[in-house]
Amino acid sequence: MTDIKVVIPGDAVDTHMEVDGQEQQVLRLGPGLSHIGDTINAVNAGVLHSSSDGSQYWVVSNKRRYVAAEGEPVVGVVVARHAEGYRVDIGSAHDALLPLLAFEGATKRNKPNLAVGTTVYARVSVANSLMDPEIECFNSNTGKAEGFGELGEGFMFKCSLGLARRLFSSKAPVLNALGSKLPFEVAVGLNGRVWINTEKPETTVLVANAIKNSEFLDAKQCRQMVNELLDKH
Amino acid sequence: MSRPDRREHEQIRALNCVLGQLTRTDGSAQFSSGSTSLICGIYGPIEAKLYEEKIDRAHIDVKLRPAIGLPATKDKWAESAVRKTFERNILGHLHPRTLVQINLQVKENDGSVDAAAINATALALVDAGIPLRAMVAAASCAVRKDGEIVVDPVEEEIKKAMSTHTFAFSSNSPDDNPVYVDSRGSFTMDQYDRCFDLCAMTVQRILAFMRTAIEGKVAKESQISAV
């Protein structure tokens, strides 16, 4: 990565880029950028990123309120049951719809029965600003659950969307540091909700605290913080 | 004649801001200009109530609480100043049928609260990640009885002033095109023009200050994610 370019709302972004002497024809704008008038402006404050061929631009910013985006895994809580599906709170402006048949092996006769208050891990299947989001607990191509579904015993807490995104990567230092010392289950939703489960409540509290503490720590500080928590444990 | 706090006529008070201070809101900012200080907390985009839901854009709700007592007419006026400024600046069409709630609490009022409210809201909206057309900042000035124009007046100066003016400008529109104007009292066209120019110049300084504050916050967050 080259030097970090920070943009704030209203900044014009220069997307003109030539590759091998030829001008790029198709330009894709990701989150945080908008085509206003005849310029491309940043609409969120964050770090500007671009693909190596200069055809894609996006802004990485940290938020606390989730806006559903297709394909993202989320942790949600069932708030109501209807004839056609469940209403699930995923932290966005509108509750998401989870159809009764969007589970592995679900048929009209054999449907999962989720109580109100159940935590589920699901993927956003429909997301646009005009419709309520829809989520599913299986891969609709293969019909397999692929880790999605009801989250049983455990503890769910909220964090910033930026932290959730970092936890989601396999290199997340805090999860690696914790995982090398004690066993635990974790499900990270990109909606800023993290579900964890361990054998003992004390360990659950420790893991939750460690993850929340890691918001502004780098890899080395994370390991140190986890060790300090484990010493007190 | 010197000013009550011995400032130059064109000198603003010391600016201070803190981003993301409130942990339970979606975004927050504290903005202080000297002893005038506000804190702004934002929720949004959240679910709108049925009667305020707009089919094609986000509803923007502004609530301001004064430092002492219950909201009075002047506080409602400040609310409308913030709403008018940001209704067109927030890209509401990206989040239709939702609500963006802006809550302002005055911590201390020593003049120029309307301008400080707009500045606090702009920073809090950025912290909340609400899509904005551009950055916005506001400044106030007062015309004294002796005809002198002073920027960022304190409460004492506003009480004695012939007229007071508040202008808000956006970062990517030209300086002759303000996004909010509020003038009250009796004044000549020439005085108005001088106030306009003085506020436009002051807003550029405030915008530069805001940029530094936001860049600091973003840099702090991105340093970690780069690891």
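Residues numbered from 1 in each chain as written. Chains lettered and ligands numbered in written order. Predicted model: local features only at pLDDT ≥ 70, side-chain atom pairs only at ≥ 80, totals over all residues.

Caption draft 1: Examining the overall build of chain B more closely. On a plain count of helices and strands, chain B comes out with 4 helices and 9 strands. Each helix (α) and strand (β) of chain B, taken in turn from the N terminus, gives the series β-β-β-β-α-β-α-β-β-α-β-β-α. Relative to its length of 227 residues, chain B is compact, with a C-alpha radius of gyration of 18 Å against a globular reference of 17 Å. Along the longest, intermediate and shortest principal axes, the C-alpha atoms of chain B span 55 × 45 × 35 Å. A buried classification covers 48% of the 227 residues belonging to chain B. When contacts within chain B are restricted to residue pairs at least 6 apart in sequence, those whose partners lie at least 24 apart make up 69%. (Helix = DSSP H or I, 4+ residues; strand = E, 2+ residues; numbered from the N terminus. Rg over C-alpha atoms; globule rule 2.2 N^0.38 Å. Buried ≥ 20, exposed ≤ 12 C-beta atoms within 10 Å, placed from the backbone. Contact = placed C-beta atoms within 7 Å.)

Caption draft 2: Molecular detail of the pairing of strand 9 (residues 73-81) of chain A. Residue and element names in this part refer to chain A. Here strand 9 runs beside strand 12 (residues 119-126); their pairing, made up of 5 bridges, is antiparallel. Bridged to Pro73 within strand 12 is Arg123. Here strand 9 runs beside strand 10 (residues 85-89); their pairing, made up of 4 bridges, is antiparallel. Within strand 10, the residue paired with Val78 across the bridge is Val88. From the end of strand 9 to the start of strand 10, which pair antiparallel, there are 3 residues. (Pairing = 2+ DSSP bridges.)

Caption draft 3: Representation of the sheet that holds strand 6 (residues 136-143) of chain B in the model. Residue and element names in this part refer to chain B. Spatial strand order, 7-6-8-9: 4 strands in an open sheet with antiparallel pairing. Edge positions in the sheet fall to strand 7 (149-151) and strand 9 (180-185), since each of these pairs with one other strand and no more. Adjacent strand axes in the sheet meet at a mean angle of 20° when their direction is disregarded. Pairing analysis gives 6 bridges linking strand 8 (residues 163-170) to strand 9, with the strands arranged antiparallel. Note that in strand 9 the partner of Thr166 across the bridge is Asp182. Sheet contacts for helix 1 (residues 73-87): strand 6, strand 8 and strand 9; angle to strand 9, the most-contacted strand, approximately 150°. Across the face of the sheet, helix 2 (residues 113-128) comes into contact with strand 6, strand 8 and strand 9 while running at roughly 170° to strand 6. (Axes fitted to C-alpha atoms, helices over the stretch in contact; angles between N-to-C directions.)

Caption draft 4: Main features of the sheet that holds strand 1 (residues 15-19) of chain B. Residue and element names in this part refer to chain B. Taken in spatial order, the 5 strands make up an open sheet running 1-2-3-5-4, and their pairing is mixed. The open sheet has two edge strands with one neighbour each: strand 1 and strand 4 (59-65). Sheet twist, expressed as the mean angle between neighbouring strand axes with direction ignored, is 15°. With 9 bridges connecting them, strand 3 (residues 36-47) and strand 5 (residues 98-108) associate as antiparallel partners. Note on strand 5: the bridge partner recorded for Gly41 is Asn103. This element, helix 1, spans strand 4 and strand 5 of the sheet and lies at about 150° to strand 4. On the sheet, helix 2 packs against strand 1, strand 2 (27-33), strand 3, strand 4 and strand 5 and is oriented at approximately 150° with respect to strand 2.

Caption draft 5: Layout of the UniProt feature "domain: Exosome complex exonuclease Rrp40 N-terminal" (unreviewed entry) in chain A. The feature "domain: Exosome complex exonuclease Rrp40 N-terminal" (unreviewed entry), as given by UniProt, occupies residues 27-65 of chain A in the numbering adopted here. Secondary structure across residues 27-65 of chain A comprises 0% helix and 51% strand; the distance between its end C-alpha atoms is 28 Å. (UniProt positions renumbered as here; feature names shortened; annotations may be inferred.)

Caption draft 6: Geometry of the interface of chain A and chain B. The interface is formed by 29 residues belonging to chain A together with 33 residues belonging to chain B. Those elements giving two or more residues to the side of chain A that touches chain B turn out to be strand 5 (33-36), strand 7 (46-50) and helix 1 (161-168) of chain A. Across the side of chain A that touches chain B, the residue classes tally to 15 nonpolar, 9 polar and 5 charged. (Nonpolar A, V, L, I, M, F, W, Y, C, P; charged D, E, K, R; others polar.)

Caption draft 7: View of the UniProt feature "domain: Exoribonuclease phosphorolytic" (unreviewed entry) in chain B. Residue and element names in this part refer to chain B. Taking the numbering used here, the UniProt-annotated feature "domain: Exoribonuclease phosphorolytic" (unreviewed entry) corresponds to residues 11-131 and 135-198. Structurally, residues 11-131 is divided into 26% helix and 35% strand, and its ends, taken at the C-alpha atoms, are 32 Å apart. The span residues 135-198 shows a helical share of 25% and a strand share of 39%, and its end C-alpha atoms are spaced 19 Å apart.

Caption draft 8: A look at the UniProt feature "domain: K Homology" (unreviewed entry) in chain A. According to UniProt, the "domain: K Homology" (unreviewed entry) feature falls on residues 154-201 of chain A. For residues 154-201 of chain A, the helix share is 33%, the strand share is 29%, and the end-to-end C-alpha distance is 9 Å.

Caption draft 9: Representation of the environment of Leu64(B) within the structure. All names here are of chain B. Topologically, Leu64 is positioned in strand 4. Residues Leu64 and Val150 lie 86 residues apart in sequence; the distance between their C-alpha atoms is 26 Å. Dropping the residues within four chain positions of it, Leu64 is found in contact with Pro71, Asp75, Ala78, Glu79, Leu104 and Ala117.

Caption draft 10: Region of interest: the domain arrangement of chain A. Residue and element names in this part refer to chain A. Under the domain assignment used here, chain A contains domain 1 (6-60), domain 2 (73-151) and domain 3 (155-232). For domain 2 versus domain 3, the separation of C-alpha centres amounts to 25 Å. Listed by partner, the interface residues are 9 residues for domain 2 and 8 residues for domain 3. For the side of domain 2 that touches domain 3, the secondary structure elements donating two or more residues are strand 9 and strand 12. Per element, the largest residue contribution to the side of domain 2 that touches domain 3 is 3 residues, and it comes from strand 9. (Domains from an automatic or database assignment.)

Caption draft 11: Region of interest: the packing of helix 1 of chain B against helix 2 of chain B. Residue and element names in this part refer to chain B. As a packed pair, helix 1 and helix 2 sit with axes 9 Å apart at the nearest point and diverge in direction by 45°. Classified by the angle between their axes, helix 1 and helix 2 sit oblique to one another. Helix 2 is crossed by helix 1, and the crossing has right-handed handedness. Only Val113, Asp114, Ala117, Ile118 and Thr121 of helix 2 make contact with helix 1, whose side of the interface consists of Ala78, Ala81, Val82, Thr85 and Phe86. Partitioned by chemical class, the residues of the contact of helix 1 with helix 2 number 7 nonpolar, 2 polar and 1 charged. (Parallel < 35°, antiparallel > 145°, perpendicular 65-115°, else oblique. Left-handed = near helix turned anticlockwise from the far one by under 90°.)

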